Amino acid sequence: RRELYHEVPRNFLVDDFFSDDYFPMRSLRRDTFKLDIYEEEDVFMIEADLPGIQKEDISLDFKDGYLTIAVKKEETKEESSKKYLHRERMQCAMKRTLYLRDVEIDQVKANLEHGILKINAPKAKIIDNAKRIEIK
């Protein structure tokens, strides 16, 4: 049917199929890396799935109780001997920010192994400075 052919755009790509227009539950443009966060008695543990990302592409910042994990990766393949009709480059930037109360920032450790970033954030020792004041 000729009418049906005209309903599908000529430049229909896989990314378009997953966009909000074609499939509203998923959008590749807004996806980011997945996180697992759990708490033990004296530490917060964060695991971020970052397959294919090198540690040079990751920045970790802690400010005012917020831990920010940011990834910026660029990939370009240069081949000057070809006449391109189509050429692709990859750039991605993703960021997640978590609120972690009472962390010993100087003792936070991070390790990237097999595409998983593991962050160990020890909890700060809370000094109980509450005191009952006698009224005279």
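Residues numbered from 1 in each chain as written. Predicted model: local features only at pLDDT ≥ 70, side-chain atom pairs only at ≥ 80, totals over all residues. Heavy atoms only, no water.

This part covers the sheet that holds strand E4 (residues 66-75). In spatial order, the strands read E3-E4-E5; together these three strands make up an open sheet with antiparallel pairing. The open sheet has two edge strands with one neighbour each: strand E3 (58-63) and strand E5 (90-99). When the angles between neighbouring strand axes are averaged without regard to direction, this sheet yields 15°. With 10 bridges connecting them, E4 and E5 associate as antiparallel partners. In the sheet register, Leu67 faces E5, and the bridge partner there is Leu98. (Pairing = 2+ DSSP bridges. Helix = DSSP H or I, 4+ residues; strand = E, 2+ residues; numbered from the N terminus. Axes fitted to C-alpha atoms, helices over the stretch in contact; angles between N-to-C directions.)

Another point: the sheet that holds strand E6 (residues 109-113). Note: strands within a sheet are paired through backbone hydrogen bonds, in either parallel or antiparallel orientation. With antiparallel pairing, the four strands of this open sheet are ordered in space as E1-E2-E7-E6. At either end of the open sheet lies a strand with only one pairing partner, and these are strand E1 (35-39) and E6. Strand after strand, the sheet turns through a mean of 15° between neighbouring axes, direction not considered. With seven bridges connecting them, strand E2 (residues 43-49) and strand E7 (residues 116-122) associate as antiparallel partners. Of the residues in E7, the one forming a bridge with Val43 is Pro122.

Positive phi outside glycine occurs at Asp64, with the angle close to 50°. In this fold, Asp64 is placed in the loop between E3 and E4. You will see that His114, though not glycine, has its phi angle at about 55°, which is positive. Structurally, His114 can be placed in the loop between E6 and E7. Assessed through its relative accessible area of 75%, His114 is described here as exposed. (Buried < 20%, exposed > 50% of the residue type's maximum accessible area, 1.4 Å probe, protein only.)

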